[in-house]
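# Breakdown of the fold
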Amino acid sequence: MPSPRSAGEIFDELKQTKHKIVIDGIECYIVEGDLRLDAGQLLAYAFELAEREQARAGGGSGGEQRQPLVGIVDDEGRMVRWKKGLLLTYNVLRSSFASDADYQTVVQAMRVATADWEATCGVNFKHLSELDGGVTPGGPAPLFQVKAFDDGSGFIAVAFFPDEPPARRTVLIFPSFFSPTLGFDRAGVLRHELGHVLGFRHEHIRSEAPALCPDEPLGNTINLSDYDPRSVMHYFCGGVGTRELQITDVDRDAARKLYGPPDKDVHYFD
Ligand SMILES: [Zn+2]
């Protein structure tokens, strides 16, 4: 067994090997296929990986605990989610797309994906299409932006988490998303990305997932369900996962632990 590396060594390796993008002037690295971390977050990530390697070298469980649909917790162990009742507004930046057809594809896929999450748990999205032409400084702004991003890499889409600063709240869509050979349901890809936006980590980081699935640190996470290989948050890896990326019954029950039932199922009284 190789000796465990220090966080500094892992950090240096991640900087060398992970794809780097500059988005809105901030240098970020893409990890786990669709998550972007700035340098500070990448360092924290390296510390988590180092801890795991050391635990494994010492014969410990090394993060091998069984984990279900995976939420995020803050440093005090509190679950991370959007404020109750907050309308999750977004725009789709038309000028960022290569064609109007691509823009329409994303608008439509977002419509399906947001409706599916609204039918799943107590969240509400709103497309502010009047802001698709761009956001004026000082004017009304959406909670997050959806925009195309092309740096020649093979990524499909990249999301963010609720605890990220407003400037980082962007869902990036790469050209592969529009490829005729994508092989995934496009609304499904956005269901998955919106799962991150709502605060869910990848299902396949759990130890039950096949070894071929990417390994990820489990720091600051919480179990919300049993392991579900068909979860919307599971990658298509190691012979499991799905290309449809549907929200499963297990996902639904777990999401309701964080956000409660959908508004349509509740009779609210003043
Ligand atoms: Zn993901």
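Preceding block: the structure.
Described below are features of the structure shown in this document. (Residues numbered from 1 in each chain as written. Predicted model: local features only at pLDDT ≥ 70, side-chain atom pairs only at ≥ 80, totals over all residues.)

### Regarding the sheet that holds strand β1 (residues 19-23)
Reading across from one edge, β1-β2-β3 is the order of the three strands in this open sheet, with antiparallel pairing throughout. Edge positions in the sheet fall to β1 and β3 (35-38), since each has one partner strand and no second. Put simply, the sheet's adjacent strands are angled 40° from each other on average, direction ignored. (Pairing = 2+ DSSP bridges. Helix = DSSP H or I, 4+ residues; strand = E, 2+ residues; numbered from the N terminus. Axes fitted to C-alpha atoms, helices over the stretch in contact; angles between N-to-C directions.)

### Thoughts on the sheet that holds strand β7 (residues 144-148)
With mixed pairing, five strands are arranged side by side in an open sheet as β6-β5-β7-β9-β8. Because the sheet does not close on itself, it has two edges, and the strands there are β6 (124-127) and β8 (157-158). Across four bridges, the pairing between strand β5 (residues 87-92) and β6 is parallel. Along β6, the bridge assignment pairs leucine 88 with phenylalanine 125.

### Overview of helix α4 (residues 186-198)
For α4, which comprises 13 residues, the first-to-last C-alpha distance of 18 Å matches the rise-based estimate of 18 Å (1.5 Å per residue) to within 8%. Where α4 ends, the next residue or the one after it, glycine 199, has phi of about 110°, a positive value. (Expected span 1.5 Å × (residues − 1).)

### A look at the environment of phenylalanine 178
As for its position among the elements, phenylalanine 178 is in the loop between β9 (170-173) and α4. Residue phenylalanine 178 is classed as partly exposed on the basis of its C-beta count, with 18 C-beta atoms lying within 10 Å. Residues contacting phenylalanine 178, with those up to four places away along its chain left out, are Asp102 and Thr105. (Buried ≥ 20, exposed ≤ 12 C-beta atoms within 10 Å, placed from the backbone. Contact = placed C-beta atoms within 7 Å.)

### Concerning the pairing of β5
Once you follow β5 into helix α3 (residues 100-118) and on to β6, the crossover reads as right-handed. Sheet analysis places β5 next to β7, joined by three bridges and oriented parallel. The residue bridging tyrosine 90 from the neighbouring strand is phenylalanine 144, located in β7. (Right-handed = clockwise from strand over helix to strand, strands pointing away.)

### Brief notes about the packing of α3 against α4
α4 packs onto α3 with a crossing angle of 55° between their chain directions and a minimal axis gap of 8 Å. Accordingly, the angle class assigned to the pair α3 and α4 is oblique. Our pair here, α3 against α4, has a crossing hand that is right-handed. Of the residues in α4, those touching α3 at Thr105, Ala109, Met110, Val112, Ala113, Thr114, Asp116 and Trp117 are Arg186, Ala187, Leu190, Arg191, Leu194 and Leu198. Here the residues of the contact of α3 with α4 are counted per class, giving nine nonpolar, two polar and three charged. (Parallel < 35°, antiparallel > 145°, perpendicular 65-115°, else oblique. Left-handed = near helix turned anticlockwise from the far one by under 90°. Nonpolar A, V, L, I, M, F, W, Y, C, P; charged D, E, K, R; others polar.)

### Some remarks on the environment of valine 92
Assignment of secondary structure puts valine 92 in strand β5. Taking the C-alpha atoms as reference points, valine 92 and glycine 133, 41 residues apart in sequence, are found 8.3 Å from one another. Contacts of valine 92, omitting those with residues within four sequence positions, involve Tyr103, Val106, Val107, Met110, Asp132 and Val146.

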